[in-house]
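Spelled out from the first residue to the last, the chains are:
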Amino acid sequence: MRWTGLAPLVVFLALPAFAADSFPSAPMDTVHVTATWAPIDPERLPETVTEVTGEELRRRGANDLRSALALVAGVEAVPGGDAGPAGSVPALWGLREFDAFLLVVDGVPWGGAFIPNLPTVDLNDVDRIEVLRGPAPITYGSTSFVGVIHVIHRAPGAGGHVEVGGGTHGTIRGSVAYDAHPEVRVSLDGAHEGFADEEAGVDRGHARVTARLPREVRVVADLNVLRQEPTSPAPRAGSQLDPAIPVDANHNPEDAHLDTTRFQISAAQSNRWVDWIAAVSHASDDNARGFLEEDAADDGSTPNANGYTQNRELTEFYGEAHHRFLPAPEWGLTLGADALFGEGKQDSRNFRYYAPLASAPVTSSDAGDLVENTEFEAERFFLGAFAEADWQPSDDWTVLAGVRLNRVEETREGELIENGVEMPATVKDEEVKPGARLGITWRAWHAGNDAFSLFVDARETFKPAAIDFGPEAEVDPLEPETAHSVEVGARAALANGHLHVDASAFRMDFRNLVVSTVRNGNPALENAGEERFDGFEVDAECAFTSEWHAIATYSWHDATFRDYETTFDGVLTRLDGNHLEMSPTHLASGGVAYVGAILHAEAFANYVGKRFLNKRNTAEADAYTTFDASIGAHVGNLDLRVIGHNLGDRRDPVAESELGDAQYYRLPARTVEAAVSLAL
């Protein structure tokens, strides 16, 4: 693996030197609830928000979103995908679309203008993760279409640790987090991750500095250097994955890589007049990879795969400010505005090459047969003005209502260069659409630590169509996606607060869902008419004692096309009533944890039901169950852990490639790691 490009990390590590002793003490950051600007108890929210604590993440050795969100009802965050083995493909409410949800890190959208930058999410030194299922049309607007995953890191004063570990496939990790000053926190980590596919791997280096300055200003600087050697998706043959292709076959060019360097700096402040946050980020990508063609031949020389090399630059600016008025003790009014600007460009060289079906290719990207060169640039500007009212007329009632006006401008400029002929095109688009929500929670009964509540919530939102900066010149914009959703639910705290149960049912009517297709032999995107997402989700958590805890979740999702036709092999086909591909009807999980004074252990299982691999619903994948477990001990300031993921070594298809036609990424193989952590 290559560690080129790490020089900026050395410079970044010098940042703690600005921690002067003159910094005054400041109160700890207030807790931000992802669903609303009002400081409302999560039990009163008229929607479903799940919190995963940093202690849970560390106990189960969660280094990716699959492990982190394994026990969140209705969420399926499978690892890998087209973004590389460091990425993941989350699904909420049964919708698996690469930009349908919003990823937020410490209050800042993480790739929100274009694509959630999941490969660079770092789970070292995390305080908690908040997961909102369903849109957030007021707090985050059109970028949070089907949910929000909000990663919140520890603030200065949280104590420190040093950790090292390693395990199967040559994986090694190391991290440190400490308070360089009472007002400055430094977090550093690095890893080399290996996989059952010996041609694949991930090297990462990450550094983060958080400083609280005078006047309660918080500044965060974050640098992530990521070097990936990608896996390959497995092609489908009829109704199943091609059995002639080895499970860990890699069909990328021999020099395949997905290299990313991302830097972000943000500042935030809360004062009596306004709460504000501002951030700027820049990500630079250098990519080379390839995918088998449909019905790829294997005669030893004829090109049977399509590849590309690509340079990509993405820059984003984000700013948000709001003020909450308190006209009366029982109600508040929040007024605010936010802006998100994104600018990106890519230039690609697309080529064909030969890849042996059962072994690693020996062809480099430079040796491939040139097909075309493409260039593409895009700018997006999201502007939103919002008002949100919160009313609590009594201890038993909470009402949240909000409206938002969204304005989106975008410009796309693309150029296809084929046989020396340049074919440029420019398209501009503008959308002005409202968003709204109304939610009510009623606490129907309470006695001591026990209570029972009901809630109902209606939300309306829209999102401009995806821009994924793939190897094509994607100039023509698609129609924006719109959705109307209703959610009803119940919460109960029983047995003196030791048992918590949350249940909710939803319906989301969707229009213009963006789906992948193939056009002229090349990957493309198109709108898919109308869809409906129905579902029911429930989770129950019980603290039997102060040491023993258990959790169980179940979700039923019904994601179907309602009005959609597309072409297969030249035949126009209606898909009304068909299920969306890769969307399982049944999801379930369950786990038990023991946290004692010395020993701690956790074991959990995840069940994923049958799902169709294709839109025509002619290929169905079997259900599967994975098992994960960890065991450890506290010895003084030391914590020793052994963690196993996917202990049954399931290799089922879990995500469809947007770039390889009818090709699917498998669940990564079983891993076992050991780690030792020292509390500072």
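Everything numeric here is computed off the predicted structure, so don't read it as measured data. (Residues numbered from 1 in each chain as written. Predicted model: local features only at pLDDT ≥ 70, side-chain atom pairs only at ≥ 80, totals over all residues. Heavy atoms only, no water.)

Draft legend 1. Just the overall build of the protein, in detail. Looking only at helices and strands, the protein has three helices and 39 strands in total. Its C-alpha atoms give the protein a radius of gyration of 25 Å, within 12% of the compact-globule value 26 Å for 680 residues. Overall, the C-alpha framework of the protein stretches about 75 × 55 × 50 Å when taken along its three principal axes. At a minimum sequence separation of 6, the contacts of the protein that also span at least 24 residues come to 67%. (Helix = DSSP H or I, 4+ residues; strand = E, 2+ residues; numbered from the N terminus. Rg over C-alpha atoms; globule rule 2.2 N^0.38 Å. Contact = heavy atoms within 4.5 Å.)

Draft legend 2. Seen up close, unusual backbone geometry. A positive phi angle is found at His-169, which is not glycine, with a value near 60 degrees. Here His-169 shows up in the loop between strand 8 (161-167) and strand 9 (171-181). The phi torsion at Ala-662 lies on the positive side, around 55 degrees, for a residue other than glycine. Residue position: Ala-662 is located in the loop between strand 37 (653-656) and strand 38 (663-666).

Draft legend 3. Highlighting the nonpolar core. The biggest cluster of nonpolar side chains holds 41 residues, and the ones touching the most others in it are Leu-69, Leu-95, Ile-129, Val-146, Phe-510 and Phe-533. Going through the elements one at a time, helix 3 (65-68), strand 2 (75-79), strand 4 (102-105), strand 6 (126-133), strand 7 (147-153), strand 24 (499-511) and strand 28 (548-563) are the ones with two or more residues in this core. Once residues within four sequence positions are removed from consideration, Phe-533 is found in contact with Trp-93, Gly-94, Leu-95, Phe-506, Arg-507, Met-508, Phe-510, Asp-558, Ala-559 and Leu-580. Listed in part, the 27 residues of the second largest apolar core include Ala-35, Val-108, Ala-113 and Phe-469. (Core = buried A, V, L, I, M, F, W, Y, C linked by side-chain atoms within 4.5 Å. Buried < 20%, exposed > 50% of the residue type's maximum accessible area, 1.4 Å probe, protein only.)

Draft legend 4. Quick look at the sheet that holds strand 14 (residues 240-241). The antiparallel open sheet is built from four strands, whose spatial order is 14-13-38-37. Of all the strands in the sheet, just strand 14 and strand 37 have a single pairing partner and so form its edges. When strand 13 (residues 234-237) meets strand 38, the two strands line up antiparallel, connected through two bridges. Directly across from Ala-234, in strand 38, lies its bridge partner Tyr-664. (Pairing = 2+ DSSP bridges.)

Draft legend 5. Highlighting the pattern of salt bridges. According to the stated counting rule, one finds 45 salt bridges in the structure shown. With a shortest N-O distance of 2.7 Å, Arg-185 and Asp-125 are connected by a salt bridge. With Arg-185 in strand 10 (residues 184-194) and Asp-125 in the loop between strand 5 (108-109) and strand 6, the pair connects residues that are 60 residues apart, well separated along the chain. Taking relative accessible area as the criterion, Arg-185 reaches 2% and is therefore assigned buried. Arg-437 is the salt-bridge partner of Asp-457, the closest N and O atoms lying 3.1 Å from each other. Separated by 20 residues along the polypeptide, Asp-457 in strand 22 (residues 450-463) and Arg-437 in strand 21 (residues 421-447) bring together distant segments of the chain. Under the relative-accessibility criterion, Arg-437 is labelled buried at 6%. Through salt bridges with shared partners, a single network forms among Glu-47, Glu-388, Arg-437, Asp-457, Arg-459 and Glu-487. (Salt bridge = Lys/Arg side-chain N within 4 Å of Asp/Glu carboxyl O.)

Draft legend 6. The pairing of strand 10, seen in detail. The buried fraction of strand 10 is high, at eight of 11 residues. Connecting strand 9 to the antiparallel partner strand 10 that follows it, the hairpin turn spans two residues. In terms of strand pairing, strand 10 meets strand 11 (residues 201-213) through 11 bridges, oriented antiparallel. Within strand 11, the residue paired with Gly-190 across the bridge is Gly-205. Linking strand 10 to strand 11, which pair antiparallel, is a turn of six residues.

Draft legend 7. Geometry of the sheet that holds strand 6. Spatially, five strands are ordered 1-6-7-4-5 in an open sheet, and the strand pairing comes out mixed. The sheet is open, and its two borders are formed by strand 1 (48-53) and strand 5, each paired with just one other strand. In the sheet, strand 1 pairs with strand 6 via six bridges, with the strands oriented antiparallel. Residue Glu-51 lies in a different strand from strand 6, and its bridge partner there is Glu-130.

Draft legend 8. Spatial organisation of the side chain of Asp-222. Positionally, Asp-222 belongs in strand 12 (residues 217-229). Relative accessible area serves as the criterion here: at 4%, Asp-222 is assigned to the buried category. Among the polar contacts made by the side chain of Asp-222, one reaches the side chain of Arg-208 at a distance of 3.1 Å. (Polar contact = N/O pair within 3.5 Å; in protein donor to acceptor, adjacent residues only side chain to side chain.)

Draft legend 9. A look at the packing of aromatic side chains. Counted by the stated rule, this structure contains 12 aromatic pairs. Ring-pair connections join several aromatic residues into one group, and the members of that group are Trp-37, Tyr-140 and Phe-386. Looking at Arg-262, its charged tip hangs above the ring of Trp-110, at a distance of 3.8 Å from the centre. Positioned over the ring face of Phe-145 is Lys-463, at 5.9 Å from the centre of the ring. (Phe/Tyr/Trp six-rings, centres within 6.5 Å; stacked < 30°, edge-to-face > 60°. Lys NZ or Arg CZ within 6 Å of the ring centre and 35° of its normal.)

Draft legend 10. Here's a closer look at a negative patch on the surface. A surface patch of like charges, here negative, comprises Glu-343, Asp-347, Glu-375, Glu-377, Glu-379, Glu-413 and Glu-422. Elements with a minimum of two residues in the negative patch: strand 18 (331-353) and strand 19 (369-394). A per-element tally of the negative patch places strand 19 first, with three residues. Position of Glu-379 relative to the elements: it lies in strand 19. (Patch = residues over 30% accessible without salt bridge, like charges linked within 9 Å, V, L, I, M, F, W, Y side chains within 5 Å. Areas by Shrake-Rupley, 256 points an atom, 1.4 Å probe, with all protein chains shown as cover. Lys, Arg positive; Asp, Glu negative; His and termini not counted. Charge placed at Lys NZ, Arg CZ, Asp CG, Glu CD.)

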